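# Observations on chain architecture
Chain residues, written in single-letter form:
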Amino acid sequence: MTKHYILSLNPTAKHDWDRCILRDPITAKRPEIAKLIAEAIGAEPGTYLVSVNIEVKVLEQVPAPQAEQLPLSAVEYNTDRAQLQELAA
């Protein structure tokens with residue numbers, strides 16, 4: 001059984017549960033791994049010892065947006081501004 005999910009990693013997230021999120025690409029719901037395993041074995045009543053193999057293939061990666069870097073000092077800002085005014089003139 002092959003399933004596709006979107007994995008979002010955000011080490012700077014405010015809450016622990018938002019740092020690593022696995023979601024369905026269509027519904028955006030978080031998968032219930034236990035239910036997926038139950039479906040795979042037929043969900044017959046009983047207790048099972050199961051082996052689960054997870055193979056991960058990255059199909060596409062979108063880097064996290066980075067914050068725009070601001071000028072370090074007023075001198076740099078004034079220099080950039082002067083250059084822009086010269087170009088506009």
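In this text, all values refer to a predicted model and were calculated from it rather than measured experimentally.

Moving on: the overall build of the protein. A tally of regular secondary structure across the protein gives 2 helices and 2 strands. The order of helices and strands in the protein, counted from the N terminus, is β-β-α-α. Considering only intrachain contacts with a sequence separation of at least 6, the fraction spanning at least 24 residues in the protein is 15%. Here the protein has roughly 8,900 Å² of accessible surface; of this, 56% comes from carbon and sulfur atoms.

Now for the pattern of salt bridges. For the structure shown, the criterion picks out 4 salt bridges. The salt bridge involving Asp16 is made with Arg19; its shortest N-O contact spans 2.6 Å. Overall, Asp16 belongs to the exposed group, its relative accessible area being 57%. As a salt-bridge pair, Arg30 and Asp18 come within 4.0 Å of each other at their nearest N and O atoms. Note that Arg30 is positioned in the loop between strand S2 (20-23) and helix H1 (33-41) and Asp18 in the loop between strand S1 (6-9) and S2, a separation of 12 residues in sequence.

This next bit is on unusual backbone geometry. Residue Ala28 is not a glycine yet carries a positive backbone phi of 65°. Here Ala28 lies in the loop between S2 and H1.

On the surface, Ile41, Tyr48, Val50, Val52, Ile54, Val56 and Val58 cluster together to form a nonpolar patch covering roughly 700 Å² of accessible area. You can see Val50 is positioned in the loop between H1 and helix H2 (74-88). A relative accessible area of 39% means that Val50 is categorised as partly exposed.

Calculation rules
Residues numbered from 1 in each chain as written. Predicted model: local features only at pLDDT ≥ 70, side-chain atom pairs only at ≥ 80, totals over all residues. Heavy atoms only, no water. Helix = DSSP H or I, 4+ residues; strand = E, 2+ residues; numbered from the N terminus. Contact = heavy atoms within 4.5 Å. Areas by Shrake-Rupley, 256 points an atom, 1.4 Å probe, with all protein chains shown as cover. Salt bridge = Lys/Arg side-chain N within 4 Å of Asp/Glu carboxyl O. Buried < 20%, exposed > 50% of the residue type's maximum accessible area, 1.4 Å probe, protein only. Patch = residues over 30% accessible without salt bridge, like charges linked within 9 Å, V, L, I, M, F, W, Y side chains within 5 Å.

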